[in-house]
Amino acid sequence: MIRDDIKAAQISAMKAGEKERLAAVRLILSKIKDRDIELRTEGDAKDDDAMVIEVLQKMVKQRRESIGMYEAGGRQELADAEKAELAVIEEFLPRQMDETETSAVIDAIIAETGAQEPKDMGKVMGLLKQRYGAELDMGKASAMTKAKLAG
């Protein structure tokens, strides 16, 4: 389980005295615990790895947005700190598909669903998220799907 890997990384970072890594791992564990509490109150039982991946993907998205804003604002030191956190977070995510693999998967689902125009995008995106949600950057996949269905 991914959660166990994260806890093991916390222990190894403590033993190695890696303060920045330890802070990032603790932040990840904190976000996961927050999500656990939310799910407990909602009564939603979810697969643990799926929930952890969802939390990690949200954290990655937030870091990427922050990096862009910091760099645009000329705050490189803050952008570098976010990049360091991003690297630690991405260690625990499954390998992400590259652009070629993503394009092939989108083409296959478009063929399978018979999607031909932009209004069919929901069908395609639903299947993409269901089958490959952990391995895809859904923002990029959405843009690629839109381009394929519009063109």
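Calculation criteria
- Residues numbered from 1 in each chain as written.
- Predicted model: local features only at pLDDT ≥ 70, side-chain atom pairs only at ≥ 80, totals over all residues.
- Heavy atoms only, no water.
- Helix = DSSP H or I, 4+ residues; strand = E, 2+ residues; numbered from the N terminus.
- Buried < 20%, exposed > 50% of the residue type's maximum accessible area, 1.4 Å probe, protein only.
- Contact = heavy atoms within 4.5 Å.
- Expected span 1.5 Å × (residues − 1).
- Axes fitted to C-alpha atoms, helices over the stretch in contact; angles between N-to-C directions.
- Parallel < 35°, antiparallel > 145°, perpendicular 65-115°, else oblique.
- Left-handed = near helix turned anticlockwise from the far one by under 90°.
- Arc of directions from axis to C-beta.
- Polar contact = N/O pair within 3.5 Å; in protein donor to acceptor, adjacent residues only side chain to side chain.
- Salt bridge = Lys/Arg side-chain N within 4 Å of Asp/Glu carboxyl O.

Relative to the elements of secondary structure, Y70 occurs in helix α3 (residues 48-72). Under the relative-accessibility criterion, Y70 is labelled partly exposed at 28%. Taking the C-alpha atoms as reference, Y70 lies 9.1 Å from D80; in sequence the two are 10 residues apart. Setting aside anything within four residues of it in sequence, one finds Y70 in contact with R75, L78, A79 and E82.

Between its first and last C-alpha atoms α3 spans 36 Å; for 25 residues at 1.5 Å apiece the expected length is 36 Å, and the two agree. Looking at the buried residues of α3, the elements they touch are α1 (2-16), α2 (19-42) and α4 (76-91). Where α3 ends, the next residue or the one after it, G74, has phi of about 75°, a positive value.

As a further point, take the packing of α2 against α4. α4 packs onto α2 with a crossing angle of 60° between their chain directions and a minimal axis gap of 9 Å. With respect to α4, the axis of α2 lies oblique. When the axes of α2 and α4 are compared, the crossing they make is right-handed. In this structure, α2 uses R21, A24, V25, L27 and I28 to contact α4, whose residues at the interface are E85, V88, I89 and E91.

Turning next to helix α5 (residues 99-113). Taking 1.5 Å of rise per residue, 15 residues should cover 21 Å, and α5 covers 21 Å from first to last C-alpha, within 8% of that figure. All of the buried residues in α5 are T102, S103, V105, I106, I109 and I110. Down the axis of α5, the smallest arc covering the buried residues is 165°, so these residues share one side. Of the exposed residues in α5, those oriented more than 90 degrees away from the buried face are T100 and A111. Where α5 is buried, its residues touch α6 (121-132) and α7 (138-150). Two or three places before T100, at the start of α5, stands the capping residue D98, its side-chain oxygen 3.1 Å from that residue's backbone nitrogen.

The next subject is the pattern of salt bridges. Opposite charge on two side chains makes pairing possible when the charged atoms of those side chains draw close. Tallying each qualifying case throughout the model produces 16 salt bridges. Notably, a salt bridge pairs E38 with R35, separated by 2.8 Å at the nearest N-O pair. Separated by three residues within a single helix, E38 and R35 lie in helix α2, roughly one turn from each other. Measuring nitrogen to oxygen at the nearest pair gives 3.8 Å for the salt bridge that ties K123 to D120. Accessibility expressed as a relative area gives 12% for D120, which makes it buried.

Another point: the environment of L56. Along the chain, L56 turns up in helix α3. Separated by 25 residues in the primary sequence, L56 and K31 have C-alpha atoms spaced 8.6 Å apart. With near-sequence residues (within four places) excluded, L56 lies in contact with I2, I28, I89, F92 and L93.

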